[in-house]
Amino acid sequence: MWLCRVSSTHSDAMVTCASCGLEHPQGFRFCPSCGSPLTPGPEPRRTRKVVTALFCDVTGSTALGEELDPELLREVMNRYFADIRATIERHGGTVEKFIGDAVMAVFGIPRVREDDALRAVRAAAEIRERLALVAQDVGVRLRFRTGVNTGPVLMGEGENLAIGDAVNVAARLEQAAQPGEIVLGGDTLRLVRDAVDVEPLAPLAVKGKSQPLAAFRLLAVDPVAPGVTRHLEGPLVGRERELRLLTAAWERAVDEAGCHLFTLLGVAGVGKSRLVAELLAGARATATVLQGRCLHYGEGITFWPLLDALRSAGDEAESVIEQLGGRGAATPEELFFDVRRLLERLAAARPVILHVDDLQWAEPMLLDLLDHIAELSRGAPILLLCCARPELLEDRPSWGGGKLNATTALLEPLPAADCERLLEHLGGDLAPAARAGVITASEGNPLFLEEMAALMRERGTPAIPPTIQALLAARLERLPAEQRELLECGAVEGEVFHRLPVRALAGHRTAAEIDEAIAGLVRKELIRPHAPTLGDGEAFRFRHLLIRDAAYDSLPKRTRAQLHEQFASWLEDNASELLELDEICGWHLEQSARYQRDLGRDPGPELSRRAAEHLYAAGRRAGERGDDTAATNLLDRALALAPLDRGLKAAASAELAGRLIDIGDLTRVDALLCTAESDPDVADLAALTRFEWMLHTEPEGAIQAIQARLPSIIDRLTRSGDTTRLAKAHLAAASVHWIAAQATLAGAELRLVADYARQAGDGGLRARALAQYVLTLIYGREPVSVVAREITLMEDEDLGPYLSAFVDLGRGELRRLQSDFEGARRLTRRGIEGLAALGMGAAQGGLEQDLGQIELSAGDPAAAIVALARSDAILAELGERALRSTTQGLLALAQARCGDRGAAREAIALCEELGAAEDVINHALVAQTRAVLALGDGDLAGAERWARQAIGHWSRTDTIRSTAGARLDLARILCERGRPHEAAAELKAAGELFRIKGDAPGVAAAEALLDQLGAAR
């Protein structure tokens, strides 16, 4: 009978034949025993994990085959491979397969350990050493070359086959090694850096890799050093209370001449070693300090910590060391007695501190021995100082309990202020934002802080250091399946997760199993209760964001895609009251689609449509509350999800185009509007948005288009009652009045825009209308009393940061009107900073222009040039024309008053090139500047002609402060022409205009010139 096994999965998973009842490995189509078709069992649960792969290959085996008899060669190779397997397994690795002359092993399968990389490197070094000895025995010399690399792979439960780039890179490193060499990858070196000596090799160009691979030749490896050494030389930060507690226990042991057991619990990196180092530094002068550390693995490691500690105790400890090493014939009871008596003899001479680190890895007999000493030792000052992770209490719940001479303390994370202090001591400069990010991400763990800061300095971008990834992955790997699965489901929701949706995601688990798993995770300090944000259910927060990331990273992308979609569906069915429902659902569905694309799958139109609809709705709401940056991001993401139906795509395109205009990103708007204009339902909105875009980029064409099309659009929208689009229509009408410098008419339209926006519930559009209304108050005819009243009324609005910036500008104008130029500058700069923080480029450039006008009013044209140059640079980068043309006109006037005639003429040319024919302000500024230039040239007649032309332009506007300023310029020219009576008339007219506005600096300037004129006569 033909039996076919379709694949070799290297799996221990079995399938039972329904006919004969026998079990066989998965992969057979037919039962090897009875030939019946086999039904595959459920697909094994898969997980992503970071492992270290080791490739070891014999060099010269082909030539050796020619020299040796096949039977002898087989015997030699079997001996070599048996020794290699034994070495790898002794270090905790798994031999995946033998491929010809090569061996592939993986460290991290079936269980991830935090020191997998170090185990692999030590195994590689031991193989190199041992094979030389084996070669002497068999009389045949073989040399191996080895590659070791660390990275993520995909695994299924019960499978031993690791698949991923990390394995491929290990093979490439092995192929690049010379005979007898061990070559390490860069990620492996980061995990073992303090236990090895290496020499860098030239980066390896490898087929299929876009960048050369970093590679390092291993020279030596320390057999006992940790892969990454903690730096304990810095000052102790934020542990004063715990140090007092520890010191009190030590002093009690000394004062009472008794034994005290002090257990310091804490997660990896929280600072146990640093705290102990502080105590020991002060105690060494008067005490005998014995230190040992429990090992993760190895042969004969039960009493290793005591062997390590007692080696420093001198000759008196030799016999006990022999017994602990297995060279004596003592029973456990005798051994325990001898160790206790030794410590008591040592303590009779000097108090003893026995420090045992990493007690969570201790063998039960060592724990029994320490328990024995704590229970029975009397009359000698001994401090048993044990450091462990909280897992110790899972295996030994009774540890330290019930003893009067025992103290157990849990070391909590450091508060943010102490993290700041610690970061200072670690040295190195980090930008404030980077510092804040590192402190937040470390969440009070000193090791995490140290490693993340170092990686930030190295790479310049935030990332999780591989040392921390290894620690957390190993911790999660030890969890029972139901607890690990619950963490993974919770990680899909985020840093805070809720019991009800997690129960839905882990649907095959019962409520009792989930409750038990949650309780276990709380006990293990992995999660803690948190205030719920979804309904009234229970919520939990990961004790550390990096724990959440480690749990999430372990999920295969296929599983992530499924869980994200399931969570979004649960939210749609159960959380309709959630304000951020659209944004959250959109994000989860977007993630699902992304992961499916990563796997080469089409997420399908339904999933993409759901994601896009949620993101579009969230983007609209963000815009309505004035958060244009968030709105742009959300709408961009909505459009990126294809396929979209025509209507949604057009609406999202029009909405995004409007938000891009708001933040000053004008380059993409035209293409978006072309998409939007193709849908009749969105055509009016697209047209209004195009008007706004043209006002910035083609102001002359914009005026003509608005005047031709706006009346009919407003008529249609009025009949339909679409208040949002009516608001945008009247915003376009206001822009036409503004370009004509009719501030009063523009202000009336803007008040109408604000009312329509309020009716539509569009806070962002209302804020824009009121912000522009502030400008009409500043530059229009309204006197200072009206400006002050309107600004005060506006302060009753729910001011967002955008409107607040313009209200600051209005307050600054009130200060300028009172001749408080410093106050005006301060408030205007604050408004500029607020807009810069929002990324509102065009508005920021506009406020820089206003600051330039304040400096002109203050009589400081040089300072005005600085502010106006900033305005021009911002607007030029955005491709904006209308505002920039006015900036160039003001810049020309300031340069002319500073005597920079060439620069003024260049600015005039650019102002005329950029501005629209209808932009009367630009014409007025150009004429006013030409008057100043002509006066400087001694062309008094030309100066008077240009000055009167400027007054003519300004008189067509209701910008009375500018009209008054132009009359001051004409008065100066008339004085130069010897016509004082005409000059006096102009000064009186200017002063009256300034008084109407309440412009104290203008009134003062007019009166000062009148006084000079009177004195001259």
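Everything that follows concerns the structure shown earlier in this document.
Structural notes, computed from the coordinates. (Residues numbered from 1 in each chain as written. Predicted model: local features only at pLDDT ≥ 70, side-chain atom pairs only at ≥ 80, totals over all residues. Heavy atoms only, no water.)

Side note on the overall build of the protein
Of the regular secondary structure elements, the protein holds 43 helices and 17 strands. Relative to the globule expectation of 31 Å for 1017 residues, the C-alpha radius of gyration of the protein, 39 Å, shows a markedly less compact shape. Expressed as lengths along the three principal axes of its C-alpha atoms, the size of the protein is roughly 125 × 80 × 65 Å. In the protein, which comprises 1017 residues, the share counted as buried stands at 55%. In the structure as shown, the protein presents an accessible area of about 43,400 Å², 52% of it carried by carbon and sulfur atoms. Each charge class in the protein was averaged separately, 115 positive and 147 negative side chains, and the resulting centres sit 2 Å apart. (Helix = DSSP H or I, 4+ residues; strand = E, 2+ residues; numbered from the N terminus. Rg over C-alpha atoms; globule rule 2.2 N^0.38 Å. Buried < 20%, exposed > 50% of the residue type's maximum accessible area, 1.4 Å probe, protein only. Areas by Shrake-Rupley, 256 points an atom, 1.4 Å probe, with all protein chains shown as cover. Lys, Arg positive; Asp, Glu negative; His and termini not counted. Charge placed at Lys NZ, Arg CZ, Asp CG, Glu CD.)

Focus: the sheet that holds strand β16 (residues 527-530)
Spatial strand order, β15-β17-β16: three strands in an open sheet with antiparallel pairing. Each of the sheet's edge strands pairs with one partner strand only, and the pair in question is β15 (496-498) and β16. Sheet twist, expressed as the mean angle between neighbouring strand axes with direction ignored, is 35°. Both β16 and strand β17 (residues 539-542) contribute to a ladder of four bridges, which runs antiparallel. Within the sheet, the bridge partner assigned to histidine 530 lies in β17 and is alanine 539. Each of β15, β16 and β17 is contacted by helix α17 (residues 481-493), which is oriented at about 110° to β15, the strand it contacts most. (Pairing = 2+ DSSP bridges. Axes fitted to C-alpha atoms, helices over the stretch in contact; angles between N-to-C directions. Contact = heavy atoms within 4.5 Å.)

Digging into the sheet that holds strand β10 (residues 259-265)
What the five strands build is an open sheet, ordered β11-β12-β13-β10-β14; its pairing is parallel. Two strands close off the open sheet at either side, each with one partner strand: β11 (288-293) and β14 (406-410). The sheet shows a mean angle of 15° between the axes of neighbouring strands, taken without regard to direction. One ladder, built from five bridges, connects β10 with β14; its direction is parallel. Within β14, the position partnered with threonine 263 by the bridge is threonine 408. Across the sheet, helix α11 (residues 364-376) lies against β10, β12 (352-357) and β13 (382-388), angled at about 145° from β13, the strand it touches most.

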